[in-house]
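# Structural overview
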Amino acid sequence: DTIQSCESLIYCQGKLLDTVQKARVFDDSKTFVDMIQRNPANVTLANFENLMDSTDDHPTDEEVTQFVTDNFVSEGELEDWSPADYKNNPKFLKKIEDIVVRDFARTLVSIWPSLARKVKPEVTDNPDRHSLIPVPNGFMVPGGRFKELYYWDSYWIIKGLLLSEMTDTARGMLENFLSLVQRFGFVPNGSRIYYLNRSQPPLLSLMAGLYVEATKDVDWLEKNIDTLESELKWWLNNRVIDIERDGVKYTLAHYASESGTPRPESYYEDIRTCAVYGEEEKENCYQNLKSGAESGWDFSSRWIFDPKGGTNSNLTHVEAKRVIPVDLNSYLCKAFKQLSVFYELLGDADKAIQWLEKSSSWQKSIELVLYDRTDGIWYDYDSALQQPRKLFFPSNFAPLWAGSYDVSLSDEYGSRAARYFTDTGIMDYTGGIPTSLDQSGEQWDYPNAWPPLQEIVVLGLKQTGNEEAAKIAETFARRWVDANIRGYNSDKVMFEKYDAVHSGQYGGGGEYTVQSGFGWSNGVALSLINNFYVEGDNKSSKARRR
Ligand SMILES: OC[C@H]1O[C@H](O[C@H]2O[C@H](CO)[C@@H](O)[C@H](O)[C@H]2O)[C@H](O)[C@@H](O)[C@@H]1O
């Protein structure tokens, strides 16, 4: 049984949340739902009822602000934590020939302790006073307003931790996710109860793959394989859809939250976005916003539809559920294969075959529904109009990253993808690969360049072994590292996203101001440095640095 909703009348739904968020007590809607109650929840609710009674149900914004001050505090559920396995000079740094890049990598490693947190015992003792979901082990947060554990961010955080030889911290984070699966049946978007009605890109088994590869810890795998499997089954049971292309039926996955209420952490924004609709359509509008958030791309023209199936509209027309996303299906295909590898390691041949077959059937559907042979790339599929969305997104390259295509033809696939990359004009962007070519003002669009998407395209192209693809990969890995260094030198922080046009400048748009820290930025930079700047792979790095 899975719990996919949050019942809290303070943090998730109800009059109190509605009143506080509509009063705009804080500029950022997330601030309120992250607050701690001074009293048990029943006292907070009784105090709120008194406020409503004494104001004839119409408190002024000042009265609401006073109510929040009297009943909530901002800080105190997480403590800074010193990971015992932190080292400031992990071995891989020595292998980096370029001194500037080596120093930068050392700086990235030195940021880990500032992102390390542990949940205080008070949260476990008084769960009703907090929106934070307690997890047993210390972990890395993304940074800034993102003060909790995030699902897909952690894939790249764990990559960086493993390069930094922080295997205990990586294992602790994995076990946090496993404990969430055991409690809720799936991994929520993040470790807050208001994230309980959606997940995020399914990368848990792949994180476990990174850990097992680095440590060869098969005993750990044996203990946790059932939970890893149950997470993937959750996706198969809850996020799969039958679609039709050219008269043939296929089964693939989509992002699809069932919850038809505003996101509590963006309550005011969602109410405004869906205001044009009547009650029933509103529910659909909220479900689609939450499904967009489940994709990790919140928000993007990728989920926006005009009546003709184009993107010429706005957030009110986010229809994430109708999209069959290239990246989601590639992650799942790779995860199924990963599970098969795990079962082989554990000596369970039947299960190994079962998951390999699942991966192969997924791969076939990806090829037949999403691949465009003429353009040499994969496209998202619009299940409503039964047609591909032929738009540039870095996620189009995800099958190369995930190996979810016929890898015996990798040179051909790589060559075609390289041609697509240059034909779409992406070579012009010196600050990184843009998220789309649509300047919608949303944060997962042009001109923003996001760290995980850089890794997916760059490693995807590199892994094909095709010469042209490998050249593009190297160019963009170096451009990315240069942009990160430039940004760090001027602002002394790592940002969550950058600007593809102006190298090193931070990105913008969307519903909150740019955040720094930053978990996945550090992980991706370390991963690309490890792939492109370490000894043997790095003959003339100084000459090529721009
Ligand atoms: O508060 C708005 C949204 O914030 C998160 O999304 C963004 O930050 C996450 C953490 O770095 C990242 O995983 C996500 O891709 C970003 O778009 C949160 O995950 C959303 O659910 C939330 O609505």
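As a reminder, the structure under discussion sits directly above these lines.
First, a word on scope: everything that follows refers to the structure included in this document. (Residues numbered from 1 in each chain as written. Predicted model: local features only at pLDDT ≥ 70, side-chain atom pairs only at ≥ 80, totals over all residues. Heavy atoms only, no water.)

## Examining the pairing of strand 7 (residues 248–253)
Convention followed: When DSSP finds two or more bridges between two strands, those strands count as paired. Put simply, DSSP marks the helices as runs of H or I at least four residues long and the strands as runs of E at least two long, and each gets a number from the N terminus on.
Across six bridges, the pairing between strand 6 (residues 240–245) and strand 7 is antiparallel. By the bridge assignment, Arg-245 is partnered in strand 7 with Val-248. Where strand 6 hands over to strand 7, the hairpin turn is made up of two residues, of which Asp-246 adopts a positive phi near 50 degrees.

## Regarding unusual backbone geometry
For the record, the criterion: The cut-offs for exposure are 20% and 50% of the maximum accessible area for each residue type, with area from a 1.4 Å probe on protein chains only; residues under the lower value are buried, those over the upper are exposed, and the others partly exposed.
Between Asp-298 and the following residue, Phe-299, the backbone shows a cis peptide bond with an omega angle of -5 degrees. Cis geometry marks the peptide bond from Gly-517 to Phe-518, where omega comes out at -25 degrees. Among the secondary structure elements, Phe-518 is positioned in the loop between strand 14 (498–499) and helix 19 (519–532). One non-glycine residue, Arg-24, lies in positive phi territory at about 50 degrees. A relative accessible area of 29% means that Arg-24 is categorised as partly exposed. Here the phi dihedral of Lys-492 falls at roughly 60 degrees; this positive angle occurs in a residue that is not glycine.

## Thoughts on the site of the ligand
Our working definition: Any residue with a heavy atom lying within 4 Å of a molecule or strand is counted as near it. As used in this structure description, the phrase polar contact means that two N or O atoms lie within 3.5 Å; if the pair is within protein, one of them must be able to donate a hydrogen and the other to accept it, and residues adjacent in sequence are counted only when both atoms belong to side chains. Throughout, the Shrake-Rupley method with a 1.4 Å probe supplies accessible areas, and for residues the shown protein chains are the sole cover considered. Under this grouping Gly is polar, as are all residues other than the nonpolar Ala, Val, Leu, Ile, Met, Phe, Trp, Tyr, Cys and Pro and the charged Asp, Glu, Lys and Arg.
For the ligand, the set of nearby residues contains 21 residues, the closest of which are Asp-153, Asn-189, Glu-265, Gly-296 and Asp-298. At 3.0 Å from an oxygen atom of the ligand is found a side-chain nitrogen or oxygen belonging to Arg-145. Within the side chain of Glu-265, an N or O atom sits 2.7 Å from an oxygen atom of the ligand. In the complex, 100% of the free accessible area of the ligand, which totals 480 Å², lies under the protein chains. Here the shell around the ligand is composed, by residue class, of nine nonpolar, five polar and seven charged.

## Remarks on the nonpolar core
The cut-off we apply is this: Put simply, a nonpolar core is a bunch of buried Ala, Val, Leu, Ile, Met, Phe, Trp, Tyr and Cys residues held in one set by side-chain atoms that sit within 4.5 Å of each other.
In this structure, Trp-378, Phe-397, Leu-461 and Ile-529 are the most contacted members of the largest nonpolar core, which totals 175 residues. No other element matches the 10 residues that helix 13 (residues 326–345) contributes to this core.

## Some points on the sheet that holds strand 4 (residues 116–119)
A sheet is described by the order of its strands in space; here three strands give the open sequence 3-4-5, paired in antiparallel fashion. Two strands in the sheet have a free side with no partner beyond their single neighbour: strand 3 (78–80) and strand 5 (139–140). Pairing analysis gives two bridges linking strand 4 to strand 5, with the strands arranged antiparallel. Along strand 5, the bridge assignment pairs Ala-116 with Met-140.

## So, the state of the cysteines
Heads up, the rule is: Any two cysteine sulfur atoms lying within 2.5 Å of each other are counted as a disulfide.
Going through the model one piece at a time under the given rule, you end up with two disulfides. Covalently, Cys-6 is tied to Cys-12 through a disulfide, its sulfur atoms 1.8 Å apart. Here Cys-6 and Cys-12 share a disulfide; its torsion about the S-S bond, 80 degrees, makes the bridge right-handed. Across the disulfide, Cys-274 is cross-linked to Cys-285 (sulfur-sulfur distance 2.1 Å).

## Notes on the pattern of salt bridges
Using the following cut-off: When a carboxyl oxygen of Asp or Glu is within 4 Å of a side-chain nitrogen of Lys or Arg, the pair counts as a salt bridge.
Enumeration according to the criterion identifies 32 salt bridges in this entry. One salt bridge in this structure joins Arg-416 and Glu-412, with 2.9 Å as the shortest N-O distance. With Arg-416 and Glu-412 both in helix 16 (residues 410–423) and four residues apart, this pair spans about one turn of that helix. A relative accessible area of 12% means that Arg-416 is categorised as buried. Exposure remark for Glu-412: the relative accessible area of 39% places this residue in the partly exposed category. Salt bridges sharing common partners tie together Lys-30, Asp-34, Glu-77, Lys-147, Glu-148 and Arg-192.

## Quick notes on the packing of helix 9 (residues 204–215) against helix 13
Where we set the bar: Axes here refer to lines fitted to C-alpha atoms; in helices the fit is confined to the stretch in contact. Angles between the N-to-C directions go from 0 to 180 degrees. Throughout, the term roughly parallel applies to angles under 35 degrees, roughly antiparallel to angles over 145, roughly perpendicular to angles from 65 to 115, and oblique to all others. Throughout, a crossing is termed right-handed when the near helix is turned clockwise from the far one, and left-handed when it is turned anticlockwise from it by less than a right angle. Residue contacts are counted whenever heavy atoms from the two residues lie within 4.5 Å of one another.
For the pair helix 9 and helix 13, the least separation of the axes is 9 Å and the interaxial angle reads 45 degrees. Here helix 9 is positioned oblique relative to helix 13, judged by the angle of their axes. When you trace helix 9 past helix 13, the crossing you get is left-handed. Between helix 9 and helix 13, the residues in contact are Ser-205, Leu-206, Ala-208, Gly-209 and Val-212 and Tyr-331, Lys-334, Ala-335, Gln-338, Leu-339, Phe-342 and Leu-345, respectively. Tallied by class, the residues present in the contact of helix 9 with helix 13 amount to eight nonpolar, three polar and one charged.

## Some details on the side chain of Ser-295
As for its placement among the helices and strands, Ser-295 is situated in the loop between helix 12 (279–294) and strand 8 (323–324). Ser-295 gets classed as buried once you look at its relative accessible area, which sits at 1%. At a separation of 2.5 Å, a polar atom in the side chain of Ser-295 contacts the main-chain carbonyl oxygen of Gly-292. Not counting residues within four places of it along the chain, the set of residues in contact with Ser-295 comprises Trp-152, Pro-201, Tyr-255 and Trp-303.

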